[in-house]
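# Secondary and tertiary structure notes
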There are 2 protein chains.
Amino acid sequence: MRKNPIVQRETLGAAVLQIRSGRATSRTTLAKALGISPSTTGLYVDHLIAEKYLNESGLNQGPMGRPRRILSTQAGAGWFAGVEFNAHRIQAVGVDFSGSLKETVELLLPADVMAEQVIKSILACVAKLAETMQGPLLSVGLGAPGLVDAQAGVGIYYAFIPDWKLVPLVEVIGSRLKVPVILQNNLRAIALAERWFGIGHELSDYVILGPRSGFGIAMVQDGRVIEGAHHAAGEVGRWPWPLMNTAGGGQELHHALSAPATWRRLAGVGEQNNLPEDLREGLAAVADSSGPEWDAVCADYARVIGLLHMIIDTGVFILHGPLTMLGERFCHSITDTACALMPALRDAGLKVVPSTLGDNAGALGAASQAMEAWAPA
Amino acid sequence: MRKNPIVQRETLGAAVLQIRSGRATSRTTLAKALGISPSTTGLYVDHLIAEKYLNESGLNQGPMGRPRRILSTQAGAGWFAGVEFNAHRIQAVGVDFSGSLKETVELLLPADVMAEQVIKSILACVAKLAETMQGPLLSVGLGAPGLVDAQAGVGIYYAFIPDWKLVPLVEVIGSRLKVPVILQNNLRAIALAERWFGIGHELSDYVILGPRSGFGIAMVQDGRVIEGAHHAAGEVGRWPWPLMNTAGGGQELHHALSAPATWRRLAGVGEQNNLPEDLREGLAAVADSSGPEWDAVCADYARVIGLLHMIIDTGVFILHGPLTMLGERFCHSITDTACALMPALRDAGLKVVPSTLGDNAGALGAASQAMEAWAPA
DNA sequence: GGCTTTTTATTCGAATGCGAAAAAATCCCA
DNA sequence: TGGGATTTTTTCGCATTCGAATAAAAAGCC
């Protein structure tokens, strides 16, 4: 047995991430992925195996040479909680140490809920998850709506919870649960969810389109989520729309491209009519429609996406939220319309795809953060 | 004398950068800036002084305690070349080891110049600089127009030099000059110039507005220049404009907001008329104008900047190029118009300022890159 | 089956970087 | 004038990390 040095916590965490994600499977590949020497990597892996975070699960014979000793995460070593919320509901997921989704909890919030009750409900959701998850809770990720200061761990502002101003979420939740807590804006959390659970796992540049009650985006550039100088990157919902409205004080993009607005436009229904009971079903019902309403909606989306693409030159736009019910046809329509309106896009590889993640993408993203932030004690 | 370990090149380079920029002035502050221990920092500094890259230039007494031994870069230790070019001219600057601009060279290129002659001319400019700069040439930064793959060191495409396709600039120039060569797009180079020589030296988030013969931007987020997945981030010139032109195939932003177009609009002169001999003078002449033309130009700029601001949530927009001749009044007009058109911007701290750097900002930026990339042998 | 080739993992001495403590340089105040 | 107080710099022992060599494990090849 080798001597057991006091290794660096964060490097241990990074090693676990590489193994969990499958980017590294053996000591040698892990050494390359972490950028440290094979000898040191061996020491780290020994430590992690001794602490029951990793195990060796067989051999992998290459075309020649000594076979790799496959490293895996020990599923039962503990679990991560991911919680996302808005003014209406809380979604929480439990993810085991191997990164597999194991449990989901949803909780509806009453109208006019206040910050304190939201926090209590978050804690209740985590407690509910704890009943069935095995091992200790290792860390908690939160996806909060509105403006979020991820570094400070503070929810700055959210319009739909009356007293949601400068809520020190990380501090409050962390002091109750006694585990590390990571906070991020919910759309940016979804971006992380795509990296771990969706199609973003091999992409380093993509954009999340998140039309729900409003319209916002999250951008990933070179593997990094863009925050903005005031934590407001991607808050395009307040773009004036149509854009050339000179007067000012006109409509905003929120109004034109939110999920309810999109349904109303596609269904040909005015603002006075009620929304369908289940908006996703309503959208699915109009997914095959066509005609000028369809074209107009696609043209609006196409313009927004085209502008965005030329600014940040991303690879892929991933559509999230209820509008995924409109399916691939909608995404193709947007792409085609955009290329027709802006010929420059034709060569630029513009691509819009619906997310394969479901309604709990935000909670999954929050859990992803928890995983990324964790490191052994 | 302490023993002299074989230190890491890149840490030596980083140390010199910190001293040169003034972010660190003594051994202790340097240790903090580099994130390494004071003891190790002492060894590094000793090495750099022994190699004549740094020197001690006196003491700095704080309010109490042992005074700091002030570290400075040795101006004569060598020099950096920064070269920027387009289809019309080459600008080159020589910067000494302390980061001071010492020499400038400009060379006009003939019409229909080809790639080979551009490369020859770049080498000629560097040779010219070498005549007066003292010490050895340490590295060369290049700012190239069009699409640029900075990592690969290749100029991908530029419309105004006929055979400018996949030009391996770094390889070609590097093999001639036998020093490291760094390449970047010229607008993104300007972003670096602002960091070293302009108002960006304490900003981590800003945007360069570069209206010249076209319109493009460069974005700095959290201290990093954004490249884009296909090296085309900020290429907004091909936005359709006015935006709501449904037909497609209309005008582009290039046409509306380029420097010549702006002059024509402000001067009330049609496309058939010639441009003034000196566009900067022409623009200075209309800087005090007002009326509907002025308002329309400002409104266009305001819209573009407003949209950009809400996407990337930057701190400051820095105006570059000939339009700086329009002065602060123009920038204020843009800001005011934008806030009037998009009320959301009022709280977001939108700010547009003219650059204090002159016409050679691109070359300065290229030199900045050279400085940032250099490390002792 | 033994030999070479290839790839992965481990051993072991060397050395780089760190932490704690000491030294140095100055100010403040009695 | 001399003893804290304070801050910067250096010394010194120690230990983590590295590199090179070695061992290990398998395939291919005659």
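Computed from a prediction, not measured in an experiment: that's the story for all the values here.

## Re helix H4 (residues 115-132) of chain B
Residue and element names in this part refer to chain B.
- An ideal rise of 1.5 Å per residue puts 26 Å on 18 residues; H4 measures up with 27 Å between its terminal C-alpha atoms.
- For H4, every residue scored as buried is listed here: Ala115, Val118, Ile119, Ser121, Ile122, Leu123, Cys125, Val126 and Leu129.
- Its buried side turned inward, H4 meets strand S3 (79-85), strand S4 (89-96), strand S5 (101-108), strand S6 (137-144), strand S9 (165-167) and helix H5 (169-177).

## A short note on the sheet that holds strand S14 (residues 316-319) of chain A
Residues and elements named next belong to chain A.
- Strand order in the open sheet formed by 5 strands is S13-S12-S11-S14-S15, and the pairing between neighbours is mixed. Each edge of the open sheet is held by one strand with a lone partner, namely strand S13 (224-225) and strand S15 (352-354).
- Examined bridge by bridge, strand S11 (residues 206-209) and S14 share 4 bridges and lie parallel to one another. By the bridge assignment, Leu209 is partnered in S14 with Leu319.

## Some words on the relation of the copies chain B and chain A
- Mapping chain B onto chain A calls for a screw motion: a turn of 180° about the axis and a shift of 0.0 Å along it, with 0.1 Å RMSD after fitting. Here the symmetry operator amounts to a two-fold rotation axis.
- A shared interface surface links the copies, since 100% of the contact residues of chain B are contact residues in chain A too.

## Describing the sheet that holds strand S3 (residues 79-85) of chain A
Residue and element names in this part refer to chain A.
- Spatial ordering of the open sheet is given by S5-S4-S3-S6-S10, a layout of 5 strands whose pairing is mixed. Edge positions in the sheet fall to strand S5 (101-108) and strand S10 (181-185), since each of these pairs with one other strand and no more. Taken pair by pair, the neighbouring strands of this sheet meet at an average axis angle of 15°, ignoring direction.
- Pairing of strand S4 (residues 89-96) with S5, which is carried by 7 bridges, proceeds in the antiparallel orientation. Residue pairing in the sheet places Val95 in a bridge with Leu101 of S5.
- Taken strand by strand, helix H12 (residues 361-373) contacts S3, S4, S5, strand S6 (137-144) and S10, and its axis lies near 140° from that of S3.

## A few points about the nonpolar core
- Membership of the largest hydrophobic core comes to 94 residues, with the highest contact counts inside it found for Trp239 and Phe330 of chain A together with Trp239 and Phe330 of chain B.
- Sequence-distant contacts of Phe330 of chain B, that is, excluding residues within four places in its chain, are made with Trp294, Val297, Cys298, Tyr301, Leu319 and Leu323 of chain B.

Rules of the game
- Residues numbered from 1 in each chain as written.
- Chains lettered and ligands numbered in written order.
- Predicted model: local features only at pLDDT ≥ 70, side-chain atom pairs only at ≥ 80, totals over all residues.
- Heavy atoms only, no water.
- Helix = DSSP H or I, 4+ residues; strand = E, 2+ residues; numbered from the N terminus.
- Expected span 1.5 Å × (residues − 1).
- Buried < 20%, exposed > 50% of the residue type's maximum accessible area, 1.4 Å probe, protein only.
- Contact = heavy atoms within 4.5 Å.
- Pairing = 2+ DSSP bridges.
- Least-squares fit on C-alpha atoms with pLDDT ≥ 70 in both.
- Axes fitted to C-alpha atoms, helices over the stretch in contact; angles between N-to-C directions.
- Core = buried A, V, L, I, M, F, W, Y, C linked by side-chain atoms within 4.5 Å.

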